[in-house]
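Each chain, letter by letter, is given below.
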Amino acid sequence: MSEQDSTPETVAVETVETEVENVTAVEGGAEETPKETAAATPPAVPVASDHPERWGRVDADGTVYVKTEDGERAVGSWQAGEPVEGLAHFARRFDDLRTEVELLVSRLKSGAGDPKHALTSAKHVKEQLAEAAVVGDLKALAARVEHVLEQAEAGMEKAKEAKEAARAQSVARKQALVDEAESIANESTQWKVAGDRLRQILDEWKTIRGVDRKTDEQLWRRFSKARDAFNRRRGSHFADLDRQRSVAKTSKQALVEEAEKLVDSDDWGPTAGRYKELMVEWKAAGRAPKEADDALWQRFRAAQDAFFQKRSEAFSERDAEFTANAKLKEELLAEAETIDPSADLEAARNHLYKIQERWDAIGKVPRERIRELEGKLRAIEERVRGAVDAQWRRSDPEAEARVAQFRERVEQFEAQAAKARAAGDKRRIEQAEAQAAQWREWLAAAEQALATR
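Because the structure is predicted, anything quoted here is derived from the model rather than measured. (Residues numbered from 1 in each chain as written. Predicted model: local features only at pLDDT ≥ 70, side-chain atom pairs only at ≥ 80, totals over all residues. Heavy atoms only, no water.)

Chemist: Which parts of the structure should I look at to understand the nonpolar core?
Modeler: Soluble globular proteins: nonpolar side chains tend toward being buried together. The biggest cluster of nonpolar side chains holds 33 residues, and the ones touching the most others in it are Val64 and Val135. Elements with a minimum of two residues in this core: β2 (63–68), α4 (83–110), α5 (115–129) and α6 (138–187). The greatest single-element share of this core, amounting to nine residues, is contributed by α4. Excluding residues that lie within four positions of it along the chain, Val135 makes contacts with Ala48, Pro52, Trp55, Gly56, Val64, Tyr65, Val66, Val75, Leu87, Phe90, Ala91 and Phe94. (Core = buried A, V, L, I, M, F, W, Y, C linked by side-chain atoms within 4.5 Å. Buried < 20%, exposed > 50% of the residue type's maximum accessible area, 1.4 Å probe, protein only. Helix = DSSP H or I, 4+ residues; strand = E, 2+ residues; numbered from the N terminus. Contact = heavy atoms within 4.5 Å.)

Chemist: What exactly am I supposed to notice about the packing of α6 against helix α7 (residues 191–207) here?
Modeler: The angle between the axes and the distance between the axes are what describe a pair of packed helices. Closest axis-to-axis distance for the α6/α7 pair is 11 Å, and the angle between their directions is 160°. On the basis of the axis angle, α6 is roughly antiparallel to α7. In the packing of α6 onto α7, the handedness of the crossing is left-handed. Seen from α6, the contacting residues are Arg173, Lys174, Leu177, Val178, Glu180, Ala181 and Ile184; seen from α7, they are Ala194, Arg197, Leu198, Ile201, Glu204 and Trp205. A per-class count over the contact of α6 with α7 returns eight nonpolar, no polar and five charged. (Axes fitted to C-alpha atoms, helices over the stretch in contact; angles between N-to-C directions. Parallel < 35°, antiparallel > 145°, perpendicular 65-115°, else oblique. Left-handed = near helix turned anticlockwise from the far one by under 90°. Nonpolar A, V, L, I, M, F, W, Y, C, P; charged D, E, K, R; others polar.)

Chemist: Looking at this structure, how should I read the layout of surface pockets?
Modeler: Think of a ball as big as a water molecule: rolled over the atoms, this probe shows where empty space is left. Of the pockets and cavities examined, the second largest pocket occupies roughly 310 Å³. Considering the residues around the second largest pocket, the lining is formed by 15 residues, among which Lys67, Thr68, Glu69, Leu138 and Lys139 are closest to the centre. Going through the elements one at a time, β2 and α6 are the ones with two or more residues in the lining of the second largest pocket. Examining the composition of the lining of the second largest pocket, we find that three residues originate from one element, α6, more than from any other. The residue inventory of the lining of the second largest pocket, partitioned by class, reads five nonpolar, two polar and eight charged. (1 Å grid on protein atoms, 1.4 Å probe; cavity = no way out; pocket = protein on both sides within 12 Å on 5 of 7 lines; lining within 4 Å. Points joined across faces, edges and corners; volume = space filled by probe spheres on them.)

Chemist: How do you make sense of the side chain of Asp137 when you look at a structure like this?
Modeler: By secondary structure assignment, the location of Asp137 is in the loop between α5 and α6. This buried residue, Asp137, is left without a salt bridge; Arg54 holds the nearest opposite charge, at 6.3 Å. (Lys, Arg positive; Asp, Glu negative; His and termini not counted. Salt bridge = Lys/Arg side-chain N within 4 Å of Asp/Glu carboxyl O.)

Chemist: So what exactly am I meant to see when it comes to the packing of aromatic side chains here?
Modeler: We describe a pair of aromatic rings using the distance from one ring centre to the other and the angle between the two ring planes. Within the structure shown, the criterion is met by 11 aromatic pairs. Ring geometry for Trp191 against Phe230: centres 5.7 Å apart, planes inclined by 45°, an arrangement best described as tilted. One end of the pair, Trp191, is in helix α7; the other, Phe230, is in helix α8 (residues 213–261), and 39 residues separate them in sequence. Each of the two residues, Trp191 as well as Phe230, counts as buried. Here a set of aromatic residues connected by ring pairs shows up, and it is made of Trp268, Tyr275, Phe307 and Phe308. (Phe/Tyr/Trp six-rings, centres within 6.5 Å; stacked < 30°, edge-to-face > 60°.)

Chemist: In this structure, what is going on with the confidence of the model for the protein chain? I would like to understand it.
Modeler: When pLDDT drops low, the exact placement of atoms in the prediction is not to be read closely. Summing up the model confidence of the protein chain, the mean pLDDT is 82 and the portion of residues at 70 or higher is 88%. Across residues 1–39, confidence stays below pLDDT 50; counting only partners more than four residues off in sequence or on other chains, it has 37 contacts. (pLDDT = per-residue confidence, 0-100.)

Chemist: What exactly am I supposed to notice about the pairing of β2 here?
Modeler: Along any regular strand the residues' side chains alternate between the sheet's two faces. As judged from the three bridges shared by strand β1 (residues 56–58) and β2, these two strands associate in the antiparallel manner. Looking across to β2, one finds that Val58 is bridged to Val64. Hairpin geometry of β1 and β2 is characterised by an intervening segment of four residues between the two adjacent antiparallel strands and by a positive phi of about 95° at Gly62. Sheet topology note: the β2/strand β3 (residues 71–77) ladder contains six bridges and is antiparallel. Looking at β3, one finds that Val66 is bridged to Arg73. (Pairing = 2+ DSSP bridges.)

Chemist: Would you mind showing me how to read the sheet that holds β2 here?
Modeler: Neighbouring strands of a sheet are bound in pairs by backbone hydrogen bonds; such pairs are parallel or else antiparallel. Ordered in space as β1-β2-β3, the three strands form an open sheet in which the pairing is antiparallel. With one partner strand each, in any of the chains shown, β1 and β3 form the two edges of the open sheet. Shown here is a sheet whose adjacent strand axes are inclined to one another by a mean of 25°, direction ignored.

Chemist: Got a minute to help me understand the side chain of Lys174 in this structure?
Modeler: Among the secondary structure elements, Lys174 is positioned in helix α6. Note on Lys174: relative accessible area 3%, which makes it buried. A distance of 2.5 Å separates polar atoms of two side chains, one belonging to Lys174 and the other to Asp216. (Polar contact = N/O pair within 3.5 Å; in protein donor to acceptor, adjacent residues only side chain to side chain.)

Chemist: Got a minute to help me understand the environment of Glu72 in this structure?
Modeler: Within the secondary structure, Glu72 sits in strand β3. According to the relative accessible area criterion, Glu72 is partly exposed, its value standing at 42%. C-alpha separation for the pair Glu72 and Arg57, spaced 15 residues apart in sequence, amounts to 9.2 Å. With near-sequence residues (within four places) excluded, Glu72 lies in contact with Arg57, Tyr65 and Val66.

Chemist: I would appreciate a short explanation of the pattern of salt bridges in the present structure.
Modeler: A side chain with one charge may pair with a side chain of the opposite charge, provided their charged atoms come close. Inspection of the entire model under this criterion finds 32 salt bridges. Across the pair Arg299 and Glu260 runs a salt bridge, and its minimum N-O distance is 3.1 Å. In this pair, Arg299 sits in helix α10 (residues 290–336) while Glu260 sits in helix α8, placing the two residues 39 residues apart along the sequence. In this structure, Arg274 and Glu277 form a salt bridge, with 3.0 Å as the shortest nitrogen-oxygen distance. Taken together, the positions of Arg274 and Glu277, both in helix α9 (residues 268–285) and three residues apart, correspond to about one turn of that helix. Here the residues in one salt-bridge network are Glu258, Arg274, Glu277 and Glu281, joined through shared partners.

In structure tokens form, the structure reads like this:
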């Protein structure tokens, strides 16, 4: 038998051999496999083509044998070349079977394979092993196949349980959708949102599979009944709404006419306030029929826009005037900064008074500049006022009278001391000098207070 004798099954398996190379490599690493996993999973089947002589031989007449637990078994004849080539050929055919089995192991382990398909494939391989024309470790491969059969059967049981769980989940989900639909049908007044949600429920309903026919029909009847109830309520609502829209149209026509009359008003504040009130009334009037509502709204907005455009232009002119006023006040501030109350207080007061008159005559400035400019003027006013207050305190008649009184008392006691010295009266000298010294201290304090006020 030559290499051209390879079966179609062998060629197909060769195309997937690459897919299991990584899996085989990992399974070959015994140190990385937990003990319990190693006990449950047979060791990976060795690749026969690496050392085909370990698993079979070719005798002198070209008959190819494979070693089994029961002895050698003839698997074919090789006449096309060297015996070693024949042995390698049958080893490759073994590796094809091995690859097929390892692919089943890989797919079952990853969850990507269908357990039922794996079970069928593994049974097919198991049936071939007794007469398979291959050379390799048939015992290990048979154990590997048994492992696949066990895993496939376990997978089928899990799939059955999963199917039942999925069916229960599907029933529960449809039940929840029905409950939601019934709640919408009985309670919701958000017609668009609710209608959209019912359509979404229907779309989701169509995607739910696995419910038995009887249960599905019962749930569908409830859902269909809920949709019909909602549609009836919605139809009744919109019939009432049509009547309301007719009333809204009449109300909005009156609002539009008033808005158009206000366009030429230059009473900016009250008119702007009235437009705001008209907007509130517009919203409260409700919706008119769409075509009429859109046309009325365009007229209403056009009137509003025309008025506020006129007001904006008037405010722009005013803002330009206010900006010019601010510049004039800045110039006045620069002039006011030159006032020096310490040089001539009266002249400073007169100068400031004239500046204040000119300041008021200039008029308003932009709102954002008011605090800044007024603050600077107040600072100059405080400076002049402080100088006036200081002068007043220094010329306070009562304070000056008190200083004069203290000075008079000092002079009085100094005169007494002089007379005592002339008389040689030591006791009266000491007494008069002590009193003069006391009043002199009080005089100094009063003079100091008067100077610093």
